[in-house]
Amino acid sequence: MKIALLGYGKMGKVIERIALERGHEIVLKKDEFNTYDGLATADVAIDFSVPSAAVSNISASFNANVPVVSGTTGWLEHYDEMIALCNEKKGGFISSSNFSLGVNIFFGLNEYLAKIMKQFDSYKVSMEEIHHIHKLDAPSGTAISLAQGVIENSNYKNWTLDDAKANEIRIEAKRIGEVPGTHTVNYDSAIDSIEIKHTAHNREGFALGAVIAAEWLAGKKGIFSMKDVLNLQ
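Residues numbered from 1 in each chain as written. Predicted model: local features only at pLDDT ≥ 70, side-chain atom pairs only at ≥ 80, totals over all residues. Heavy atoms only, no water.

**A look at the overall build of the chain**
Where we set the bar: The numbering of helices and of strands both runs from the N terminus, where a helix is a DSSP run of H or I of at least 4 residues and a strand a run of E of at least 2. Radius of gyration here uses only the C-alpha atoms, and the compact-globule reference equals 2.2 Å multiplied by the residue count raised to the power 0.38. Relative accessible area decides the class of each residue, using a 1.4 Å probe on protein chains only: under 20% of the type maximum gives buried, over 50% gives exposed, and in between gives partly exposed.
Regarding its fold elements, the chain presents seven helices and eleven strands. The C-alpha atoms of the chain give a radius of gyration of 18 Å, which matches the 17 Å a tight globule of 233 residues would have. Principal-axis analysis of the C-alpha atoms places the extent of the chain at approximately 60 × 40 × 30 Å. In the chain, which comprises 233 residues, the share counted as buried stands at 47%.

**Details of the nonpolar core**
This is how the line gets drawn: Among buried residues, those of type Ala, Val, Leu, Ile, Met, Phe, Trp, Tyr and Cys that are joined through side-chain atoms within 4.5 Å constitute a nonpolar core. Contact definition: two residues touch when any of their heavy atoms are within 4.5 Å.
Among the nonpolar cores identified, the biggest contains 24 residues, and Ile3, Ile15, Ile46, Phe48, Val69, Phe99 and Ala213 are the most heavily contacted of them. Among the secondary structure elements, those contributing two or more residues to this core are β1 (2–6), α1 (10–21), β3 (44–47), α6 (204–217) and α7 (226–230). Examining the composition of this core, we find that seven residues originate from one element, α6, more than from any other. When near neighbours in sequence (up to four residues on either side) are disregarded, Ile15 contacts Leu5, Ile46, Phe48, Ala207, Ala210 and Val211.

**Observations concerning the environment of Gly74**
With respect to the element layout, Gly74 can be found in the loop between β4 (68–70) and α3 (79–88). For Gly74, a relative accessible area of 39% puts it in the partly exposed group. Residues Gly74 and Met226 lie 152 residues apart in sequence; the distance between their C-alpha atoms is 18 Å.

**Some thoughts on the packing of aromatic side chains**
Defined as follows: For Phe, Tyr and Trp, where Trp contributes only its six-membered ring, two rings pair if their centres lie within 6.5 Å, and the inter-plane angle classes them as stacked under 30 degrees, edge-to-face over 60, or tilted in between.
For the structure on display, the rule yields five aromatic pairs. Look at Trp75 and Tyr79: their rings are 6.2 Å apart centre to centre, the planes differ by 40°, and that puts the pair in the tilted class. With relative accessibility at 1%, the residue Trp75 sits in the buried group. Through a chain of ring-to-ring contacts, the aromatic side chains of Phe62, Trp75, Tyr79 and Phe93 assemble into a single cluster.

**Section: the pattern of salt bridges**
Here is the rule we go by: The rule for a salt bridge is simple: a side-chain nitrogen of Lys or Arg has to be within 4 Å of a carboxyl oxygen of Asp or Glu.
Enumeration according to the criterion identifies nine salt bridges in this entry. A salt bridge links Glu204 to Arg17; the nearest nitrogen and oxygen atoms lie 2.3 Å apart. Here Glu204, found in helix α6, pairs with Arg17, found in helix α1; they are 187 residues apart in sequence, far enough to count as distant. Residue Glu204 is classed as partly exposed on the basis of its relative accessible area of 33%. Residue Arg175 pairs with Glu129 through a salt bridge whose shortest N-O separation is 2.8 Å. Taken together, the residues span a long stretch of sequence, with Arg175 in strand β8 (residues 168–175) and Glu129 in strand β6 (residues 124–131) at a distance of 46 residues.

**Quick word on the sheet that holds strand β9 (residues 182–188)**
Sheet strands associate in pairs through backbone hydrogen bonding, adopting either a parallel or an antiparallel arrangement. Cut-off, in case you're wondering: Strands pair, by our definition, only if DSSP identifies at least two bridges between them. Helix axes are fitted only over the stretch in contact, all axes being lines through C-alpha atoms; the angle between N-to-C directions runs from 0 to 180 degrees.
On the basis of which strands lie adjacent, the open sheet formed by five strands has the order β7-β8-β6-β9-β10 and mixed pairing. A single partner strand is all that each edge strand has here, and the edge strands are β7 (158–160) and β10 (193–199). Taking the axes of each pair of neighbouring strands and ignoring which way they run, one obtains an average angle of 20° across the sheet. Both β6 and β8 contribute to a ladder of six bridges, which runs parallel. Each residue of the ladder has a partner; that of Ser126, found in β8, is Arg170. Its contacts with the sheet place helix α4 (residues 101–117) against β9 and β10, and it is angled at close to 165° to β10. Packed onto the sheet, helix α5 (residues 141–151) meets β6, β7, β8 and β9 and runs at close to 165° relative to β6.

**Examining α1**
This is how it is decided: What a helix should span is 1.5 Å times the count of its residues minus one.
Here α1 is twelve residues long and its end C-alpha atoms lie 17 Å apart, about the 16 Å a rise of 1.5 Å per residue gives. Regarding α1, the residues found buried are Met11, Gly12, Val14, Ile15, Glu16, Ile18 and Ala19. Against the buried residues of α1 lie β1, β2 (25–30), β3 and α6. Looking at the residues trailing α1, positive phi occurs at Gly23, about 90°.

Shown next as structure tokens:
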């Protein structure tokens, strides 16, 4: 399979190595210094860039009839535009805040726990996410996905980085050293606390998941998620 890498930073290089190990060919390594030359020859594009480049990368892929796997976060105010373009071009698209197998299992656990805790209003939910100092957006896309998972399965209405109101989930975002990513969901009451936590040890899980998603998406048309890829429905 021919893969275009849109974004060639630390994650892009790990994705490249894993893709090559799995027998794929890299036809484009796009960074801020080169063009999209070679994109149209790809079977699938993997976008791990920066928020300011994601929309251009995704748009260029759809316009070149190349399906896209996007792991870039911080651009979701344009998500509906990209969905509309994907549908217009009859493209294929997977956008996820986190491609790690472990994190996607954690997403399911988070939603299941939220359903249970909905009936116990003595517990207040909050979240903490820790990432490396180079991460541009806060809170992380994974933290937002976790918050949305709680909101969809409880009486909470919103998340905030500030002091939380009764129906809001407080997210504390920390940027420390070279931490790949740690996410904790807390339920606290006056009597006790319940905590679930996912800790990434390196970038390997994110990269492998993105390549697996690309393998799954190649040749498909439509809007999909990691639940489709991993059959976690």
